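The chain contents come next:
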Amino acid sequence: MSGKPIIILGIESSCDETSASVTRNTNVLANLIASQKIHELYGGVVPELASRAHQKNIVPVVEEALKQAGIKKEEIDVIAFTRGPGLIGSLLVGSSFAKAMSLALNIPLIEVNHMQAHVLAHFIRKEDVRGHGENPKFPFLCLTVSGGHTQIVLAKDYLDMEVIGETVDDAAGEAFDKAAKILGLPYPGGPLIDQYAQEGNPNAFKFPEPKAEGLNFSFSGLKTAVLYFIRDKEKENKNFIQENMNDVCASIQHTIIKILLDKLIAASKQTKIKEIAIAGGVSANSGLRNALTETGKQLSWNTYIPPFEYCTDNAAMIAIAGYFKYLKGEFAEQSVAASARYTL
């Protein structure tokens, strides 16, 4: 890239993690995330507590990101922030801070769609290394899976994306967390299911695969099936969960992954695209990563899996999305409002 490098401050505050990142073009200089442990007490994210924690964390997180990057505030060229989707209270903290800082520094502001940023996480590069692998080639399909969203995105270009399939009820990440709660595991339970599943038999128990039209997904029925399954088994044996935790987790995980990949395979056949990527928090799941790799080998796909640090919510992906919007001159007005249901 010729010309002066673009220094971008990215701010992410869509849910329960306050993150700030500093990038030079697509190279990450710093990427900090402040997690909120308070939600573990309630078994899920409490919106009011999340927004209060963002207010407490955002200034020190931004300051530390700039410090680690070795960048002064005066050197920032543009500020990119998550406009949505997400929790409105959390989004308001990040957007308000970004707008105020852009005014104070008299620099442009860029609003970013959180889900588009997850897809663009594949184009993040580290400043001190060549990168984490090849970039997906356009057009590509991206299975974007998180606690709040499950989508198949057709990426035609950096900023030209179309959702061709999505959940009609619950997200895959929510199915993982709710199943974990039923099993008595602490929040967030998705990573724990993945951990136990690695020692279990994925075919030990059979769970239904709810059907949805076309390339859409459905996970609500699976959650109900897990609830009834555990209830009935515990009537027979009160120690059922303790004695079968690994196998139950492996079977639940196997079912969720099969639902995801069956639709992804259908999308690939329908579009004739074999450039396949995953993104979002659930893309950190080892079972999904392994299954995608194996499926890719069988179907001659070129598969792309982001590094763990860029799977969950982070500001580096916001900054990278901001970079591509900067190149297009897509700047935001100070009147731009956070949107809980901001769609692609």
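Quick summary incoming for the structure in this document. In this text the structure is predicted, and so the values were computed from the model without any measurement.

## Overview of the packing of aromatic side chains
Evaluated as defined, the whole model comprises 14 aromatic pairs. Look at phenylalanine 138 and tyrosine 158: their rings are 4.9 Å apart centre to centre, the planes differ by 80 degrees, and that puts the pair in the edge-to-face class. Residue phenylalanine 138 is located in the loop between β6 (125-126) and β7 (140-145), and its partner tyrosine 158 is located in the loop between β8 (150-157) and β9 (160-166); the two are separated by 20 residues in the primary sequence. Judged by relative accessible area, which is 29%, phenylalanine 138 ranks as partly exposed. The interplanar angle of 75 degrees and the centroid separation of 5.0 Å between the aromatic rings of phenylalanine 207 and phenylalanine 229 together place this pair among those described as edge-to-face. Of this pair, phenylalanine 207 sits in the loop between α5 (190-197) and α6 (220-236) while phenylalanine 229 is found in helix α6, placing the two residues 22 residues apart along the sequence. Seen from the ring of tyrosine 342, arginine 83 lies directly overhead, with NZ or CZ sitting 4.7 Å from the centre. One residue, arginine 289, lies across the ring of phenylalanine 308, its end atom 4.0 Å from the ring centre.

## Let's talk about the sheet that holds strand β10 (residues 275-279)
Strand pairing within a sheet occurs via backbone hydrogen bonds; the two strands may be parallel or antiparallel. Here five strands make up an open sheet; going across it, the order is β9-β8-β7-β10-β11 and the pairing mixed. Of all strands in the sheet, those bounded by a partner on one side alone are β9 and β11 (302-304). Direction aside, the axes of adjacent strands within the sheet are offset by 25 degrees on average. Relative to β11, β10 is paired through three bridges, and the arrangement is parallel. Counted as the bridge partner of glutamate 275 is asparagine 302 from β11. Of the strands in this sheet, β7, β10 and β11 are in contact with helix α8 (residues 286-299), which crosses β10 at around 180 degrees.

## Some points on the side chain of serine 283
When you line up the elements, serine 283 lands in the loop between β10 and α8. Given a relative accessible area of 0%, serine 283 falls into the buried group. Polar contacts involving the side chain of serine 283 include one to the main-chain carbonyl oxygen of glycine 280, which spans 2.4 Å. If we ignore the near neighbours within four places in the chain, the residues touching serine 283 are Val145, Ile278, Leu288, Arg289, Pro306 and Cys311.

## Some remarks on the side chain of glutamate 12
Along the chain, the position of glutamate 12 falls in strand β1 (residues 7-12). Filtering out sequence-adjacent residues up to four positions away, glutamate 12 remains in contact with Glu17, Thr18, Ser19, Thr82, His114, Asp313, Asn314, Ala315 and Ile318.

## Considering a nonpolar patch on the surface
On the surface, Ile38, Leu41 and Tyr42 cluster together to form a nonpolar patch covering roughly 340 Å² of accessible area. Along the chain, the position of leucine 41 falls in the loop between β3 (27-35) and α1 (47-69). A residue is classified by how much of its surface remains accessible, and leucine 41, at 68% relative accessible area, is exposed.

## Topic: α1
With 23 residues, α1 extends 31 Å between its outermost C-alpha atoms, agreeing within 8% with the 33 Å of an ideal straight helix rising 1.5 Å per residue. Within α1, burial applies to Ala50, Ser51, Ala53, His54, Asn57, Ile58, Val61, Val62, Ala65, Leu66 and Ala69. The elements touched by buried residues of α1 are β1, β2 (17-24), β3 and α2 (88-105).

## Examining the nonpolar core
Core analysis: the biggest nonpolar cluster contains 45 residues, and Leu183, Phe219, Ile256 and Leu260 have the highest contact counts within it. Where this core is concerned, the elements lending two or more residues are β7, β8, α4 (172-182), α5, α6, α7 (240-271), β10 and α8. At 14 residues, the largest contribution of residues to this core is made by α7. When near neighbours in sequence (up to four residues on either side) are disregarded, isoleucine 256 contacts Ala172, Ala175, Phe176, Phe219 and Leu222. In this structure, Ala121, Tyr304, Ile318 and Phe324 belong to the second largest nonpolar core, which totals 30 residues.

Conventions used here
Residues numbered from 1 in each chain as written. Predicted model: local features only at pLDDT ≥ 70, side-chain atom pairs only at ≥ 80, totals over all residues. Heavy atoms only, no water. Phe/Tyr/Trp six-rings, centres within 6.5 Å; stacked < 30°, edge-to-face > 60°. Helix = DSSP H or I, 4+ residues; strand = E, 2+ residues; numbered from the N terminus. Buried < 20%, exposed > 50% of the residue type's maximum accessible area, 1.4 Å probe, protein only. Lys NZ or Arg CZ within 6 Å of the ring centre and 35° of its normal. Pairing = 2+ DSSP bridges. Axes fitted to C-alpha atoms, helices over the stretch in contact; angles between N-to-C directions. Contact = heavy atoms within 4.5 Å. Polar contact = N/O pair within 3.5 Å; in protein donor to acceptor, adjacent residues only side chain to side chain. Patch = residues over 30% accessible without salt bridge, like charges linked within 9 Å, V, L, I, M, F, W, Y side chains within 5 Å. Areas by Shrake-Rupley, 256 points an atom, 1.4 Å probe, with all protein chains shown as cover. Salt bridge = Lys/Arg side-chain N within 4 Å of Asp/Glu carboxyl O. Expected span 1.5 Å × (residues − 1). Core = buried A, V, L, I, M, F, W, Y, C linked by side-chain atoms within 4.5 Å.

Treat this as a map of the structure, not an account of what it does.
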